Amino acid sequence: MQIQDILAKHRMTFSFEFFPPQSLAAVGRLFATIRRLEQLKPSFVSVTYGAGGSTRLLTHDLVMRIHTSTELDPVPHLTCVCHTESEILQILQRYASVGISNIVALGGDLPRDHSAHDRTTDAFCHAADLVRFIQKFNVSGAHPHAQGFGIGVAGFPEGHPATPNRLVEIDYLKAKVDAGADYICTQLFFDNRDFYDFRDRCEVAGIRVPIIAGIMPITSKGNLMRIAELAAGSRFPAGLLKSVARAGDNPEAIKRVGIQWGTEQCRDLLDHQVRGIHFYTLNQSDATVQIYRHLGVSDSLALGSRDIM
Ligand SMILES: Cc1cc2nc3c(=O)[nH]c(=O)nc-3n(C[C@H](O)[C@H](O)[C@H](O)COP(=O)(O)OP(=O)(O)OC[C@H]3O[C@@H](n4cnc5c(N)ncnc54)[C@H](O)[C@@H]3O)c2cc1C
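Residues numbered from 1 in each chain as written. Predicted model: local features only at pLDDT ≥ 70, side-chain atom pairs only at ≥ 80, totals over all residues.

**A few points about the overall build of the chain**
Move 1: A tally of regular secondary structure across the chain gives 12 helices and 8 strands.
Move 2: Against the 2.2 N^0.38 benchmark of 19 Å for 309 residues, the chain shows a C-alpha radius of gyration of 19 Å, consistent with a compact globule.
Move 3: For the C-alpha atoms alone, the extent of the chain along its principal axes is close to 55 × 45 × 40 Å.
Move 4: The buried share among the 309 residues of the chain stands at 40%.
Move 5: Sequence separation of at least 24 residues holds for 82% of the intrachain contacts in the chain that already meet a minimum separation of 6. (Helix = DSSP H or I, 4+ residues; strand = E, 2+ residues; numbered from the N terminus. Rg over C-alpha atoms; globule rule 2.2 N^0.38 Å. Buried ≥ 20, exposed ≤ 12 C-beta atoms within 10 Å, placed from the backbone. Contact = placed C-beta atoms within 7 Å.)

Here's what the structure looks like:
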């Protein structure tokens, strides 16, 4: 089902992100994770996409395996970097032929081992160009579903490091929506005020598509360091850092702090009528399962319901 239809049907969506594992053993572990998270009845799950050739096939394989062997609706990510137009077309045709309904269209980051790559050789410079191309594919009738692919794009509540001018950045985001994106999923953030302000700025800019909030609970000190590195520019509120510091070198305590922080973020987002929460799972189930448990619900249907006794 296209995500805009899910969003039209339900007040909120709850989704999980996975990355394609590199080894057979890691695939086995990921499927154990997926089986546990399937019980939370997510609206959809998404699978990230890398710039290297072999990683790209792994995305396709993981999407296909989720599609054929689980009840979940997989949403593949697709990036502009290191791609020709005909490669992108082939990928779209392959996903369309098996009935994949949604794609997340991204600019993509160059991995360290591709740093010499000349981006002017890429068919698409920015995610907006990729969105336009997918829309062209949709209207050509090449997708078996009349509406074609639903399209998600990335948003950055704390700003994207490559565009320090925040006014211009929102214009670029609006260009992605005007090109045909159906929803925005945000980069992770730890202070909900950044998300609410971003949501308001989108409103001012005339961006009307649903905005899904990206949440990544901290699970260890190493994980915190990696977030600081990979999600460059992420702001770590002092309150969170103090809680992590209080936990000292106790890994279990740090994980509890991360889950508690993530739970409070989700509770607050639910109270502020967020349209969706996307959990960056890092291919693990524990933190997400615990957050649902602490919110007092057994699955996403209960999480999205507003019925009061
Ligand atoms: C939800 C989510 C999922 C992600 N999944 C992946 C993934 O699977 N694989 C991966 O490699 N990366 C992924 N990323 C990271 C993302 O690809 C990078 O952060 C990338 O640098 C930005 O992607 P974008 O789609 O916003 O790109 P774009 O929209 O192309 O923006 C990239 C930069 O260019 C600027 N820009 C946009 N349009 C123009 C223009 N016309 N002229 C000049 N500048 C412009 C933007 O302001 C921004 O600074 C994800 C990020 C998020 C938030």
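**A look at helix H2 (residues 24-38)**
Move 1: The end-to-end C-alpha distance of H2, which contains 15 residues, comes to 21 Å, matching closely the 21 Å that a straight helix rising 1.5 Å per residue would cover.
Move 2: Inspection of H2 places Leu 30, Thr 33, Ile 34 and Leu 37 among the buried residues, and these make up the whole buried set. The buried residues of H2 occupy an angular sector of 100 degrees when the element is viewed end-on, so they sit on one face. In this structure, H2 carries Leu 24, Ala 25, Gly 28, Ala 32 and Arg 35 as exposed residues pointing more than 90 degrees from its buried face.
Move 3: Looking at the buried side of H2, the elements it contacts are strand E1 (13-18), helix H3 (53-69) and helix H11 (286-294). (Expected span 1.5 Å × (residues − 1). Arc of directions from axis to C-beta.)

**Details of the sheet that holds E1**
Move 1: Pairing in this closed barrel of 8 strands is parallel, and the strands run E1-E2-E3-E4-E5-E6-E7-E8 around the ring. In this sheet, neighbouring strand axes are inclined to one another by 30 degrees on average, regardless of whether the strands run parallel or antiparallel.
Move 2: Note: strand E2 (residues 44-47) against strand E3 (residues 74-79), 3 bridges, orientation parallel. Of the residues in E3, the one forming a bridge with Ser 46 is Val 75. (Pairing = 2+ DSSP bridges. Axes fitted to C-alpha atoms, helices over the stretch in contact; angles between N-to-C directions.)

**Section: unusual backbone geometry**
Move 1: Positive phi, close to 50 degrees, is recorded for Gln 273, a residue that is not glycine.
Move 2: Considering the arrangement of structural elements, one finds Gln 273 in the loop between helix H10 (251-271) and strand E8 (276-280).
Move 3: Owing to 10 C-beta atoms within 10 Å, Gln 273 belongs among the exposed residues under this scheme.
Move 4: The phi torsion at Leu 282 lies on the positive side, around 55 degrees, for a residue other than glycine.
Move 5: Note on placement: Leu 282 falls in the loop between E8 and H11.

**Let's talk about the environment of Asp 171**
Move 1: Along the chain, the position of Asp 171 falls in helix H6 (residues 166-178).
Move 2: Note: C-alpha distance between Asp 171 and Asp 197 (26 residues apart in sequence) is 16 Å.

**Quick word on the nonpolar core**
Move 1: Of all hydrophobic cores here, the largest spans 75 residues; its most connected members are Ile 103, Ala 105, Ala 127, Leu 130, Val 131 and Ile 134.
Move 2: Here this core gets 6 residues from one element, more than from any other, and that element is helix H5 (residues 127-139).
Move 3: Residues contacting Ala 127, with those up to four places away along its chain left out, are Cys 80, Ala 105, Leu 106, Gly 107, Val 153, Ala 154 and Lys 176. (Core = buried A, V, L, I, M, F, W, Y, C linked by C-beta atoms within 7 Å.)

**As for the site of the ligand**
Move 1: Inspection of the region around the ligand gives 21 residues, with Thr 48, His 77, Gly 107, Ala 154 and Thr 163 positioned closest.
Move 2: For the shell around the ligand, the elements supplying multiple residues, two or more each, are E3, H5, H6 and strand E6 (183-188).
Move 3: Looking at side-chain class alone, the shell around the ligand contains 8 nonpolar, 10 polar and 3 charged residues. (Near = placed C-beta within 6 Å. Nonpolar A, V, L, I, M, F, W, Y, C, P; charged D, E, K, R; others polar.)

Such coordinate-based values are descriptive only and should not be taken to indicate function.
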